[in-house]
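A look at the structure
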Amino acid sequence: MEEYREQPEMKREEHRLSNKSRFQRPVWWSLAALVLLLILAVSWWKPWQSGRVMLTAEAAEQSVLAQYPGGEIVNSTLKDGTYLMQLRTETGLYDVQLDAVTSTVNSIKRLESNPQAEEKTLWSREQIKTELQKQTDGELDSLELVEQEGSPVYNAILIMKDNSREQWTVDPYNGQKQSSKVLDAPAVNEPAQENNKPQFLSEKQAEQKALARVPGEVDDIELRGTNSGNPYYLVEIDLEDGREAIVQVNAISGAIRSVTWDEDED
């Protein structure tokens with residue numbers, strides 16, 4: 001009889017545990033679903049960025065146009081904290097991605113090029129000389145093509161009518177003066193003083209030095225090395241027999257450094 005009593009009690013205990021397990025299973029699923037929803041909500045809301053103020057669409061466009069003047073914004077969309085814009089300029093259509101908080105241009109990519117945009121061509125030294133003669137009655141002392149802030153410019157040294165020396169920064173694409181400064185102003189009622197700065201030979205003086213070594217016709221002359229403290233002229237001279245000589249003249253002392261011959265193969 002005791003055996004028969006124990007069996008129903010065991011069945012009831014098993015039934016109770018089974019019901020408890022079935023009850024706990026949906027609770028765990030509910031908790032897991034709740035956690036997943038919280039993760040998605042946090043990812044979308046991004047509370048750590050709630051204190052960061054985003055630019056308005058108008059402010060974002062003004063920021064891009066300030067960095068790329070002369071352009072036009074043809075399309076703008078805000079997505080995940082980044083403004084996706086299309087910028088049209090004289091050279092073509094560009095895709096621009098701008099950080100909506102810091103106004104930093106993260107990337108810019110050209111989508112289309114403007115076939116009507118003309119490629120700029122550097123003017124030759126002779127073209128620059130001709131243009132400078134139209135702008136001033138001063139005598140050109142030297143002319144050098146240098147790089148300034150990542151862009152090419154011509155540095156021209158001019159001797160003016162009052163014997164002052166001016167340095168002009170000249171646009172290499174059209175020969176127009178961009179800026180100028182006085183290097184040596186003539187002294188008024190003062191005795192002449194020695195200038196500690198080295199004085200460069202003029203182009204004419206350098207030509208005379210080179211022709212004294214290699215008689216012929218000067219084809220071109222260029223001042224180099226002024227920024228390195230070791231300035232010199234390169235003078236190209238054409239000879240009657242078809243050869244070409246390149247004479248290197250010290251821009252301060254006038255000493256001939258070297259003569260290089262370029263034989264005419266014809």
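These remarks concern the structure in this document. (Residues numbered from 1 in each chain as written. Predicted model: local features only at pLDDT ≥ 70, side-chain atom pairs only at ≥ 80, totals over all residues. Heavy atoms only, no water.)

**Here's the deal with the nonpolar core**
With 14 residues, the main nonpolar core has Ala210, Val214, Tyr233, Val235, Ile237, Val247 and Val249 as its most contacted residues. Sorting the residues of this core by element identifies α4 (203-213), β9 (217-224), β10 (232-238) and β11 (244-250) as the ones contributing at least two each. Excluding residues that lie within four positions of it along the chain, valine 235 makes contacts with Ala206, Ala210, Val218, Asp220, Ile221, Ala245, Ile246, Val247 and Val249. (Core = buried A, V, L, I, M, F, W, Y, C linked by side-chain atoms within 4.5 Å. Buried < 20%, exposed > 50% of the residue type's maximum accessible area, 1.4 Å probe, protein only. Helix = DSSP H or I, 4+ residues; strand = E, 2+ residues; numbered from the N terminus. Contact = heavy atoms within 4.5 Å.)

**Re the sheet that holds strand β6 (residues 151-159)**
One open sheet accounts for 4 strands, arranged β5-β6-β7-β8; its pairing is antiparallel. Here the strands that pair on one side only, and so sit at the sheet edges, are β5 (139-148) and β8 (177-184). Strand after strand, the sheet turns through a mean of 20° between neighbouring axes, direction not considered. By the bridge criterion, 9 bridges tie β5 to β6 in an arrangement that is antiparallel. (Pairing = 2+ DSSP bridges. Axes fitted to C-alpha atoms, helices over the stretch in contact; angles between N-to-C directions.)

**Details of helix α3 (residues 125-135)**
When we look at burial in α3, the residues that qualify are Arg125, Ile128, Lys129, Glu131 and Leu132. Check the buried side of α3 and you find it contacts β5, β6, β7 (165-170), α4 and β9.

**Regarding the pairing of strand β12 (residues 256-262)**
Judged from the 6 bridges that link them, β11 and β12 form a sheet pairing that is antiparallel. Within β12, the residue paired with glutamine 248 across the bridge is serine 258. In textbook terms, the turn of a hairpin is the stretch between consecutive antiparallel strands, and for β11 and β12 this stretch comprises 5 residues, one of which, glycine 254, has a positive phi near 85°.

**A few points about the pattern of salt bridges**
All chains considered together, the criterion is met by 8 salt bridges. Among the ionic pairs, aspartate 220 bridges to arginine 125, the shortest N-O distance being 3.4 Å. Highlighted residues: aspartate 220 in strand β9 and arginine 125 in helix α3, separated in sequence by 95 residues. Taking relative accessible area as the criterion, aspartate 220 reaches 23% and is therefore assigned partly exposed. Residue aspartate 141 pairs with arginine 165 through a salt bridge whose shortest N-O separation is 3.9 Å. With aspartate 141 in strand β5 and arginine 165 in strand β7, this residue pair connects regions lying 24 residues apart in the sequence. Relative accessible area serves as the criterion here: at 6%, aspartate 141 is assigned to the buried category. Ionic contacts of the salt-bridge type, sharing partners, join the residues Arg125, Glu126, Lys129, Glu203 and Asp220 into one network. (Salt bridge = Lys/Arg side-chain N within 4 Å of Asp/Glu carboxyl O.)

Spatial relationships are all this shows, so hold off on functional conclusions.
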